[in-house]
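Here's the letter readout for the chains.
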Amino acid sequence: MTRTPDQGASGDGTADPARPETSVEGRAPARDTSRDLTGGRVRPARRNPGADPDREQSRSAGSSLRFGYGTNGLADLRLDDALALLADLGYDGVGLTLDHMHLDPLAPDLAARTRQVAHRLDALGLGVTVETGARYVLDPRRKHGPSLLDADPDDRAHRAGLLVQAVRVAADLGAHAVHCFSGVVPDGTDEDTAWKRLAETLTPVLDAATAAGIPLAVEPEPGHLLATLADFHHLRRTLGDPEPLGLTLDIGHCQCLEPLPPADCVRDAAPWLRHVQIEDMRRGVHEHLPFGDGEIDFPPVLAALAATGYQGLTVVELPRHSHAGPHFAARSLPFLRRAAASAAPHGDPSATPEGSRTP
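In this text, all values refer to a predicted model and were calculated from it rather than measured experimentally. As a convention, each chain's residues are numbered from 1 in the sequence order in which they are written. For a predicted model such as this one, the threshold for reporting local features is a pLDDT of at least 70, and the threshold for listing and counting side-chain atom pairs is 80 or more; totals across whole chains, interfaces and linings nevertheless cover every residue. As a convention, hydrogens and water are excluded, and side-chain values are obtained from all of the structure's heavy atoms.

Examining the pairing of strand β2 (residues 93–97)
Inference 1: The element β2 is largely enclosed, with a buried count of five among its five residues.
Inference 2: To sort residues, take the accessible area from a 1.4 Å probe on protein chains only and compare it with the maximum for the residue type: under 20% means buried, over 50% means exposed, and anything in between is partly exposed. Helix and strand assignments come from DSSP, with helices taken as H or I runs of at least 4 residues and strands as E runs of at least 2, each series counted from the N terminus. Residues of β2 alternate between two faces, with G93, G95 and T97 on one and V94 and L96 on the opposite face, all of them buried.
Inference 3: Handedness of the crossover joining strand β1 (residues 66–70) and β2 through helix α2 (residues 79–89): right-handed.
Inference 4: If DSSP finds at least two bridges between two strands, the strands pair. Direction of pairing for β2 relative to strand β3 (residues 127–131): parallel, over a ladder of five bridges. If you follow G95 over to β3, its bridge partner there is T129.
Inference 5: With respect to chirality, the unit in which β2 leads through helix α3 (residues 110–124) into the neighbouring parallel β3 is right-handed. By definition, the crossover connecting two strands over a helix is right-handed if that path, from the first strand to the second, turns clockwise as seen with the strands pointing away from the viewer.

Focus on the side chain of S182
Inference 1: Summarising the element assignment, S182 is placed in the loop between β4 (178–180) and α5 (191–212).
Inference 2: Side-chain polar atoms of S182 contact the backbone nitrogen of L225, separated by 3.5 Å.
Inference 3: Residue contacts are counted whenever heavy atoms from the two residues lie within 4.5 Å of one another. The contact partners of S182, leaving out residues within four places of it in the chain, are S147, L148, L149, L198, H224, L225 and L226. Under the rule applied, a polar contact is a pair of N or O atoms within 3.5 Å (in protein, one hydrogen donor and one hydrogen acceptor; residues adjacent in sequence only if both atoms are side-chain atoms).

What to know about the pattern of salt bridges
Between side chains of opposite charge, a pair can form as their charged atoms come close.
Inference 1: Think of a salt bridge as a Lys or Arg side-chain nitrogen and an Asp or Glu carboxyl oxygen that are within 4 Å of each other. Scanning the model with the defined rule gives seven salt bridges in all.
Inference 2: The salt bridge involving R142 is made with D139; its shortest N-O contact spans 3.0 Å.
Inference 3: As a salt-bridge pair, R142 and D150 come within 3.2 Å of each other at their nearest N and O atoms.
Inference 4: Among the charged side chains, a salt-bridge network with shared partners connects D139, R142, D150 and D155.

As structure tokens, this is what we get:
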């Protein structure tokens, strides 16, 4: 199997201490948060569509898709500011990467901070997926280290512990999935050994996911052991097809590495879809690009995704564009809405987004 170099798996983060207010930073809320916010486990947020004309327009244009933006692409913003920005722009949700700057999973009082973020998400009407691709959250010297594949069993357990923690956070946030990936095969490790380690190390995480009722959505990542949809199915069969094991499908990765076009990948992956990431990309190059800068024809992809009945978030994944995160967040949602509208049966052909390959 040909594997492209890993240029950075998805993921960067979100965080900060607590008060029983809805503002994550303890500052004045950016929006009216006068709703009744109860403590304890918070269910996924539900905003009244009539309160958001842009979202209602997107629905009426024929798209059932719910779009989010990843906090790994807003790493220079405080979490409170990032969430308010996304709500103001009209996003349906957020891909929340647990990291030192955003809901640090290793800092004290995680449960209290998580409740605070849950209240803020609820007040803003944002859904959430928990992502675990922070680059240096566990080891300040090794990107994405330790991994699920490391030779040292204590290192593997450290990564599994983070994922179990992420499942608990996801349950308290009312998230619809927890995202993760396999990691790169360590030097000197054969692939059979790596697959065995992956299956064994994920077992307690899947047990935690089962107990919490939260799907674990594994992402095929170029350059990793689990790099393709075929690799995902290999893991699924190895583990005996456990109910909580699902798939994170990154549309750009399909363009980069998969033998089928991205729309066909969506259709093939439909039964296991639990989380979707989206960005532009070129064939054979693992570089997350703003929409219109790559080769993907988005209307057929979004039409295929809508046809699957997928109910989770479709999250923009631009971790290397955090320096201009608000700009790209503002650009990305109109692009996706136009692409979704032009893909709908009665979409307006004039709404085809710039950069699309649709005639």
